Amino acid sequence: MSGAPRNPAEGGSAGRSIWTRPQRGARGPAPTHSRDEIVAAAVALADADGLGAVSMRAVAGALGMAAGSLYRHLSSRDDLLDLMVDRCVGELRPYPADDGTWLDQFLLQARRQLALHRRHPWLPDAIARRTVPGPNTLAHFDACLRLLQPVEAGVAAKFEAIAMVTGVVSLFARSAAATGTLTFDHVDLAAYPHLVAAFAEPPSTPPAQDLFERTLRSLLTGLLATDPPPGRR
């Protein structure tokens, strides 16, 4: 983190985020579609054909509007992507209750994130942009910090943990969506003795926990098992 968050409402209108601007411009005729309808159409396009299919013209066409009409609601495609991300992050509600260990509850939230990313495979690319978070995204961060309240780690470590979990979620979601599968069938391994030895081992019992849970449990305990921040020792 780099200091306190800046108020996005400060500065001229050109620098204001989509979250501080009205739903539509003051000029022109009344719109035939709401902002929510525009965002829903954009999400449907991205779910069907990927983020590259989402353009102002394509979204307007899906709604039977002229492309220029969208600019009464939005200033740019980036505005649209911000709204799409925040709408989808809202699907993470309701957040886990405080009725278990912080680690179990955080893993439950991570599994919901994974399901969300699998429903919307374009999310990792849209989230990777520099942007101002919307209300649903802020609520998600707030819920994560609530779950981490029992952990005696600094705020920076907690934000790192939240970011790393999102990265792992994205990795697993992308892996599940990949069409290619690595196979060693019909491959001559004679020049690779460690591979030969590995395949000669008898099959082992798979771990009780799946790879996603094992990865996150190790990651979270490693990142957050630090000395408590000053004043809490």
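None of the values given here were measured: they were computed from a predicted structure. (Residues numbered from 1 in each chain as written. Predicted model: local features only at pLDDT ≥ 70, side-chain atom pairs only at ≥ 80, totals over all residues. Heavy atoms only, no water.)

Participant: Got a minute to help me understand the overall build of the chain in this structure?
Facilitator: In terms of regular secondary structure, the chain is built from 9 helices and 0 strands. Listed N to C, the secondary structure of the chain is α-α-α-α-α-α-α-α-α in terms of helices and strands. By the burial criterion, 36% of the 233 residues in the chain qualify as buried. Contacts in the chain between residues far apart in sequence, at least 24 positions, make up 73% of those at least 6 positions apart. Entry remark: accessible area of the chain is about 13,900 Å², with carbon and sulfur atoms responsible for 57%. (Helix = DSSP H or I, 4+ residues; strand = E, 2+ residues; numbered from the N terminus. Buried < 20%, exposed > 50% of the residue type's maximum accessible area, 1.4 Å probe, protein only. Contact = heavy atoms within 4.5 Å. Areas by Shrake-Rupley, 256 points an atom, 1.4 Å probe, with all protein chains shown as cover.)

Participant: For this particular structure, what's the right way to read the nonpolar core?
Facilitator: Grouped burial of nonpolar side chains is what soluble globular proteins tend to show. Membership of the largest hydrophobic core comes to 32 residues, with the highest contact counts inside it found for V54, V59, L80, M84 and W122. Ignoring sequence-local partners within four residues, the contact set of L80 consists of I38, V39, A42, V54, M56, V59 and L74. One finds L103, A110, A153 and L220 within the second-largest nonpolar core, a separate group that totals 23 residues. (Core = buried A, V, L, I, M, F, W, Y, C linked by side-chain atoms within 4.5 Å.)

Participant: Mind showing me how you'd approach the pattern of salt bridges here?
Facilitator: Where charged atoms from two side chains of opposite charge approach closely, those side chains can pair. Applying the stated criterion across every chain yields a total of 8 salt bridges. Taking the shortest distance from any N to any O, the salt bridge between D78 and R129 comes out at 3.5 Å. Here D78, found in helix α3 (residues 77-89), pairs with R129, found in the loop between α5 (123-127) and α6 (135-147); they are 51 residues apart in sequence, far enough to count as distant. The class of D78 is partly exposed, set by a relative accessible area of 44%. One salt bridge connects E213 with R217, and the closest N-O pair in it is separated by 2.8 Å. Taken together, the positions of E213 and R217, both in helix α9 (residues 211-224) and 4 residues apart, correspond to about one turn of that helix. (Salt bridge = Lys/Arg side-chain N within 4 Å of Asp/Glu carboxyl O.)

Participant: Help me out: how do you make sense of the packing of aromatic side chains in this one?
Facilitator: Centre distance and the angle of the planes are the two values used to describe a pair of aromatic rings. Throughout the structure, instances matching the rule amount to 3 aromatic pairs. Ring centres of F172 and F212 lie 5.2 Å apart, and the angle between their planes is 75 degrees; this geometry places the pair in the edge-to-face category. Of this pair, F172 sits in helix α7 (residues 155-177) while F212 sits in helix α9, and the two are 40 residues apart along the sequence. Take F172 and F212: they sit in the same class, and that class is buried. (Phe/Tyr/Trp six-rings, centres within 6.5 Å; stacked < 30°, edge-to-face > 60°.)

Participant: How should I be thinking about the side chain of H120 in this particular structure?
Facilitator: Structurally, H120 can be placed in the loop between α4 (102-119) and α5. By relative accessible area, which is 5% here, H120 ends up buried. When residues no more than four places from it in sequence are discounted, the contact partners of H120 are V43, D47, C88 and E91.

Participant: Would you explain α6 in this entry?
Facilitator: An α-helical turn contains 3.6 residues, so any two residues separated by three or four positions project in the same direction. The end-to-end C-alpha distance of α6 is 18 Å, a good match for the 18 Å that 13 residues give at a rise of 1.5 Å each. Burial in α6 covers these residues: N136, T137, A139, H140, A143, C144 and L147. Down the axis of α6, the buried side of the element spans an arc of 160 degrees, and every buried residue falls inside it. Opposite the buried face of α6, by more than 90 degrees, sit the exposed residues P135 and D142. (Expected span 1.5 Å × (residues − 1). Arc of directions from axis to C-beta.)

Participant: Help me understand α3 in this model?
Facilitator: Along its 13 residues, α3 runs 18 Å from first to last C-alpha, staying within 8% of the 18 Å computed at 1.5 Å per residue. The element α3 is extensively covered by neighbouring structure, given that 10 of its 13 residues are classed as buried. Taken as a whole, α3 has its buried residues at D79, L80, L81, D82, L83, M84, V85, D86, C88 and V89. The inward-facing, buried residues of α3 contact α1 (35-49), α2 (56-62), α4, α5 and α6. Between the side-chain oxygen at the start of α3 and the backbone nitrogen of D78 there is a gap of 3.3 Å, and the oxygen is on S76. (Polar contact = N/O pair within 3.5 Å; in protein donor to acceptor, adjacent residues only side chain to side chain.)

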